[in-house]
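This is what each chain is made of:
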Amino acid sequence: MTTISAQTAALHPTPAQLRWQRDGVGVFLHFGLNTFFGVEWSDGSLPASGFDPARLDARQWVAAARTAGAASVVLTAKHHDGFCLWPTATTDYSVAASPWRGGRGDVVRELADACAEAGMGLGLYLSPWDRHDPRYPDPAAYDDLYCAQLTELCTQYGDLVEVWFDGAGSAGRVYDWERITGVVRKHQPGAVIFNMGDPDIRWIGNEDGLAADPVEYVVDVTPNDVHTDAMLGLGRARYLPPECDVSLRHGWFWQPGDEPKSLEHLLGIHYRSLGLGANLLLNVPPNRDGLIDAADLARLTEYAAELARRFGAPFDGELTALGDGRWRVDFGAEVAIDHLELEEQLAEGQRIAAHRVTDGGEEVCAGGTVGVRRLHAFPTRAVRSLEIALDGPSPVLAAVRGFRTGVESAPVVPSTEDYRAGDADMVMM
């Protein structure tokens, strides 16, 4: 069981962090040369001429993200291969050297416009590791290049909600993070920075989309990447809520023959990420036409419909503080419920270390942290009110909701070994 000290609880979120936490869901868009050559990672030698998504429709991507319940999307503007999805002035290895749109295309621009039109938040992924550019072995020269690329992305495409710095390939590499994150702070002060440098949010530590109780928002280290045991030391305890990233498919980039995860698997991820107080970043990769695959759209639609069926008609409880960390929630009438969602008041920091819900002295559910949302499933019971005991320094509940879903247990997540995305270069297909 976790413990939360008064000093830990005093670390509270910035408005941008809290806004991001409440949004809950984002959609990752892995797209690039890898899409067209059948690889998960490439070494920067694939020809730019291979990039030619003849039917690219960023509005369709945004609509798919909306179906998934996302408030924002994060695009791989540059993956580890160094290929840039915008016509950067820093390298000739970009969409400007491809046949797409006659060399005049800009994927980031088309997505930025589609997001602005739909009211969807835009996030951008810029890999620090660059396997193409000859300046990468020279840290000072590459930092100049990288900051120039980041400045282009932070100044040419409107407001960003998230900037994603992937740690893969960078174990042991020293970047000028103060300078790099300073670019974001200067030009995009409302954006949260993922996991590297001077971060606002952290990685959960796996690519399966799974958190575990307790989900602590205050930490002093964070995992660096899935491929090594490297940890990023933060120097001090910081409020850093976690993001769970996972692909809808086995791989991060769309490949023929791959299929989306089952509905039950997606629901299991939902309960193990959002349901434990973490955020979810679900990768939905565009295909070689530049469209979200029909099978993926169908699965997202099915997923959204089931979430709406389960959680679309909550019984909102009225909360009363009873003192000594005890609360009563009253539903106003007797209701039959099989799920309960608790929400913590987080403006002044995470304070709930443990919770226990009882009905007439009988335990209904219990767990560790609550955070921005905590979901429990249990056998159906008829209740009018429940008592909730909280542990932690001055813990405060913000809301409690009951649901009748017809499902009395959380979904079981299949073995992650069968669903994990490829970790390295894949055979050409």
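### Regarding the packing of helix α8 (residues 263-272) against helix α9 (residues 294-311)
Running from amino to carboxyl end, α8 crosses α9 at an angle of 55°, the nearest separation of the two axes being 10 Å. Judged by the angle between their axes, α8 and α9 are oblique. Crossing hand, α8 versus α9: right-handed. Facing α8, whose interface residues are L263, L266, L267, H270 and Y271, α9 presents R299, E302, Y303, E306, L307, R310 and F311. When its residues are assigned to classes, the contact of α8 with α9 shows 7 nonpolar, 1 polar and 4 charged.

### Some thoughts on the pattern of salt bridges
According to the stated counting rule, one finds 22 salt bridges in the structure shown. Across the pair K78 and D130 runs a salt bridge whose closest N-O atoms are separated by 3.0 Å. Placement of the pair is K78 in strand β2 (residues 72-78) and D130 in the loop between β3 (121-126) and α6 (139-156), with a sequence separation of 52 residues. The residues K78 and D130 share a single accessibility class, namely buried. Of the charged contacts in the structure, one is a salt bridge between R135 and D133, with a shortest N-O distance of 2.8 Å. Three or more residues joined by partner-sharing salt bridges are found here, namely R185, D198, D200 and R238.

### So, α8
Burial runs high along α8: 8 of the 10 residues are buried. Within the sequence span of α8, burial applies to L263, H265, L266, L267, G268, I269, H270 and Y271. Residues of α8 that are buried in the fold lie against β9 (242-247), β10 (279-283), α9, β13 (326-344) and β16 (374-391).

### Thoughts on the sheet that holds β9
Taken in spatial order, the 8 strands of this open sheet run β5-β4-β3-β2-β1-β10-β9-β6, and their pairing is parallel. Looking along the sheet, the strands with just one partner apiece sit at the ends: β5 (192-194) and β6 (202-203). Both strand β4 (residues 162-164) and β5 contribute to a ladder of 3 bridges, which runs parallel. Within the sheet, the bridge partner assigned to W164 lies in β5 and is F194.

### Comments concerning the layout of surface pockets
Put simply, the largest pocket is a space of about 410 Å³. Lining the largest pocket are 18 residues, with H270, L274, E341, R373 and R401 positioned closest to its centre. Elements with a contribution of two residues or more to the lining of the largest pocket: α2 (15-23), α9, β13 and β17 (397-403). Residues that form the lining of the largest pocket fall into these classes: 9 nonpolar, 3 polar and 6 charged. Each pocket or cavity is described by its volume, and for the second largest pocket that value is around 220 Å³.

### Focus on the nonpolar core
In this structure, F51, L75, L111 and F165 are the most contacted members of the largest nonpolar core, which totals 82 residues. Of the residues forming this core, the biggest block, 7 residues, is contributed by α6. Among residues more than four places away in sequence, those in contact with F165 are L126, P128, Y146, L150, W177, I180, T181, V184, I193, F194 and M196.

### Concerning unusual backbone geometry
The omega torsion across D213 and P214 is 5°, close enough to zero to call that bond cis. Mapping P214 onto the fold places it in the loop between β6 and β7 (218-223). Look at D324: it is not a glycine, yet its phi comes out positive at around 55°. Residue classification places D324 among the exposed positions, given a relative accessible area of 77%.

### With respect to the packing of aromatic side chains
The full count for this structure, using the stated rule, is 21 aromatic pairs. Their ring planes at 75° and their centres at 4.9 Å tell us that Y136 and Y142 sit as a pair that is edge-to-face. Residue Y142 is classed as buried on the basis of its relative accessible area, which comes to 0%. Consider the rings of W164 and F194, whose centres lie 3.8 Å apart with planes at 5°: the pair is stacked.

Rules used in this analysis
- Within any chain, residue numbers begin from 1 and follow the written order of that chain's sequence.
- The predicted nature of this model means local features are confined to residues of pLDDT at least 70 and side-chain atom pairs, given and counted, to a pLDDT of 80 or more, with totals for whole chains, interfaces and linings taken over all residues.
- Side-chain figures throughout are based on the complete set of non-hydrogen atoms in the structure, without hydrogens or water.
- Axis angles are defined between N-to-C directions and span 0 to 180 degrees, where every axis is a line fitted to C-alpha atoms and, for a helix, only to the segment in contact.
- Where helices and strands are cited, they refer to DSSP runs of H or I of at least four residues and of E of at least two residues respectively, numbered from the N terminus.
- The cut-offs work like this: below 35 degrees is roughly parallel, past 145 is roughly antiparallel, 65 to 115 is roughly perpendicular, and the gaps in between are oblique.
- For any helix crossing, the convention is left-handed if the near helix is rotated counterclockwise from the far helix by under a right angle, and right-handed if that rotation is clockwise.
- Every residue pair with non-hydrogen atoms within 4.5 Å of one another is taken to be in contact.
- Ten residues, namely Ala, Val, Leu, Ile, Met, Phe, Trp, Tyr, Cys and Pro, are considered nonpolar, four, namely Asp, Glu, Lys and Arg, are considered charged, and the remaining ones, Gly among them, are considered polar.
- One speaks of a salt bridge when a side-chain nitrogen belonging to Lys or Arg is within 4 Å of a carboxyl oxygen belonging to Asp or Glu.
- For each residue, the accessible area found with a 1.4 Å probe, counting protein chains only, is set against the maximum for its type, and the residue is called buried under 20%, exposed over 50%, and partly exposed in between.
- For two strands to pair, DSSP has to find at least two bridges joining them.
- A pocket here means an open set of points on a 1 Å grid, computed over the protein atoms alone, that has protein on both sides within 12 Å along at least five of seven lines. A cavity is instead a set of points where a 1.4 Å probe fits but cannot get out; residues with an atom within 4 Å of a point line either one.
- Grid points are joined across faces, edges and corners, and a volume is the space filled by probe spheres set on the points.
- Here, the term nonpolar core denotes a set of buried Ala, Val, Leu, Ile, Met, Phe, Trp, Tyr and Cys residues that are joined through side-chain atoms within 4.5 Å.
- Each pair of aromatic rings taken from Phe, Tyr and Trp, with Trp reduced to its six-membered ring, is defined by centres within 6.5 Å and is described as stacked if the planes are under 30 degrees apart, edge-to-face if over 60, and tilted in the remaining cases.

This is a description of form; function is not addressed.
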